[in-house]
Amino acid sequence: MKKITQSYLAFTSIAYRVLALIIFPLGILALRIAMTPFLSDPGYADNYLLIWLCWIPVFLLEFLADRWLFGGICGKEMCFPTFLHTSSRSLAFMRNTFIGDQLRRLIWLMIYAGVTFTLTGKIGMISAELIAYICITILLNLIRHIQSNVNSLNITWIAVLPCSGFTATFYVLTDSTPAARRCLPILALIAVFVSVLTLRHMMSRVGSSYSDAEL
């Protein structure tokens, strides 16, 4: 874990650490706390759009922060710094960085879920955050191939609304019913599965940059 943390922090800038790792996530957490009255009664249709709003900032933050950190890292024209190609530890460094990014994302999502669950008692929030994690992780496999900032932003805006809507719908439908509890282990397994596939995909693309093979 120490090497993962060190690699991840070494790959990030100070501005990224302050904004993407602390300030913006805390802002989302504050929004969740402020929305607690609405999250407590997700069965009311009038509250659905407000519940939807809870996840829009989450998806926006994750997609934009990832663009800031790994923008176009899987693209054909991606150029890695020379030290990554000359160091014998570069692949391990990148692997730890990707793992650190996945863990950071999961930890913050579970903090959102844990705080909201404590305030509302709705177990469906934990399942919904796992849904959000799965959706974000899957989409990042696509977005990291796009090197154009304009195209990346366009896809981000297109993806945010349906993803947040799907997550909110799942939360509303499961609420604190036994269905939410039954979904938890299944969603946890899916989250692990997509995380492993994503890591393998990222390392495959990074590894290709060390040869003359076309990415």
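This section reports on the structure supplied with the text. (Residues numbered from 1 in each chain as written. Predicted model: local features only at pLDDT ≥ 70, side-chain atom pairs only at ≥ 80, totals over all residues. Heavy atoms only, no water.)

1. A short note on the overall build of the protein
Right, on to step 1. Helix and strand content of the protein: nine helices and zero strands.
Right, on to step 2. When the helices and strands of the protein are placed in sequence order, the string is α-α-α-α-α-α-α-α-α.
Right, on to step 3. By the burial criterion, 47% of the 215 residues in the protein qualify as buried.
Right, on to step 4. For the protein, the proportion of contacts with a sequence separation of at least 24, taken over those separated by at least 6, is 83%.
Right, on to step 5. Put simply, the protein shows about 10800 Å² of open surface, and 70% of that area lies on carbon and sulfur atoms. (Helix = DSSP H or I, 4+ residues; strand = E, 2+ residues; numbered from the N terminus. Buried < 20%, exposed > 50% of the residue type's maximum accessible area, 1.4 Å probe, protein only. Contact = heavy atoms within 4.5 Å. Areas by Shrake-Rupley, 256 points an atom, 1.4 Å probe, with all protein chains shown as cover.)

2. Some points on the layout of surface pockets
Right, on to step 1. For the largest pocket, the calculated volume is near 230 Å³.
Right, on to step 2. Considering the residues around the largest pocket, the lining is formed by 14 residues, among which Q102, Y133, A191, V192 and S195 are closest to the centre.
Right, on to step 3. Taken together, the elements giving at least two residues each to the lining of the largest pocket come down to α6 (90–120), α7 (124–143) and α9 (178–208).
Right, on to step 4. With seven residues, the top contributor of residues to the lining of the largest pocket is α9.
Right, on to step 5. Tallied by class, the residues present in the lining of the largest pocket amount to 11 nonpolar, three polar and no charged. (1 Å grid on protein atoms, 1.4 Å probe; cavity = no way out; pocket = protein on both sides within 12 Å on 5 of 7 lines; lining within 4 Å. Points joined across faces, edges and corners; volume = space filled by probe spheres on them. Nonpolar A, V, L, I, M, F, W, Y, C, P; charged D, E, K, R; others polar.)

3. Re the pattern of salt bridges
Right, on to step 1. Under the criterion given, the structure shown has eight salt bridges.
Right, on to step 2. Close ionic contact of E62 with R104 constitutes a salt bridge, the shortest N to O distance being 2.9 Å. Of this pair, E62 sits in helix α4 (residues 48–70) while R104 sits in helix α6, and the two are 42 residues apart along the sequence.
Right, on to step 3. Three or more residues joined by partner-sharing salt bridges are found here, namely E62, D66, D101, R104, R105 and R144. (Salt bridge = Lys/Arg side-chain N within 4 Å of Asp/Glu carboxyl O.)

4. Re a nonpolar patch on the surface
Right, on to step 1. Taken together, the side chains of I14, V18, I22, I23, F24 and L26 present a nonpolar region at the surface, about 550 Å² in accessible area.
Right, on to step 2. Here I23 shows up in helix α2 (residues 14–34). (Patch = residues over 30% accessible without salt bridge, like charges linked within 9 Å, V, L, I, M, F, W, Y side chains within 5 Å.)

5. Some details on α7
Right, on to step 1. End to end, α7 covers 28 Å across 20 residues, agreeing with the expected 28 Å (1.5 Å per residue, within 8%).
Right, on to step 2. Burial analysis of α7 places 16 of its 20 residues in the buried class, which makes it a mostly covered element. (Expected span 1.5 Å × (residues − 1).)

6. Description of the packing of α2 against α6
Right, on to step 1. Interaxial distance between α2 and α6 falls to 10 Å at its minimum, and their mutual angle equals 20°. Viewed along their axes, α2 and α6 adopt a mutual orientation that is roughly parallel. Crossing geometry of α2 relative to α6 is assigned as right-handed. Seen from α2, the contacting residues are Y16, L21, P25, L26, I28, L29, R32 and I33; seen from α6, they are D101, R104, W108, I111, Y112, V115, T116 and L119.
Right, on to step 2. Looking at side-chain class alone, the contact of α2 with α6 contains 12 nonpolar, one polar and three charged residues. (Axes fitted to C-alpha atoms, helices over the stretch in contact; angles between N-to-C directions. Parallel < 35°, antiparallel > 145°, perpendicular 65-115°, else oblique. Left-handed = near helix turned anticlockwise from the far one by under 90°.)

7. Here we look at helix α8 (residues 149–174)
Right, on to step 1. The end-to-end C-alpha separation of α8 is 37 Å, in line with the 38 Å expected for 26 residues at 1.5 Å each.
Right, on to step 2. A159 marks the point of greatest bend in α8, at about 25°, and the proline P162 comes within the next four residues.
Right, on to step 3. For α8, the full list of buried residues reads S152, T156, A159, V160, C163, S164, G165, T167, A168, F170, Y171 and T174.
Right, on to step 4. Along its buried surface, α8 packs onto α3 (36–39), α4, α7 and α9. (Bend = angle between axes of the 7 residues up to and from the residue.)

8. Side note on the environment of Q102
Right, on to step 1. Its place among the elements puts Q102 in helix α6.
Right, on to step 2. A sequence separation of 96 residues divides Q102 from T198, and the C-alpha atoms of the two residues are 9.4 Å apart.
Right, on to step 3. Filtering out sequence-adjacent residues up to four positions away, Q102 remains in contact with Y133, T137, S195 and T198.
Right, on to step 4. At 2.7 Å, the side chain of Q102 and the side chain of R105 are in polar contact. (Polar contact = N/O pair within 3.5 Å; in protein donor to acceptor, adjacent residues only side chain to side chain.)

9. Topic: the side chain of D66
Right, on to step 1. By the secondary structure assignment, D66 is in helix α4.
Right, on to step 2. On the basis of relative accessibility, which here comes to 2%, the residue D66 falls in the buried class.
Right, on to step 3. Within the structure, the side chain of D66 is placed 2.6 Å from the side chain of R144, a separation counted as a polar contact.
Right, on to step 4. Look past the residues within four positions of D66 in its chain and what remains in contact with it is G71, D101, R105, L140 and R144.

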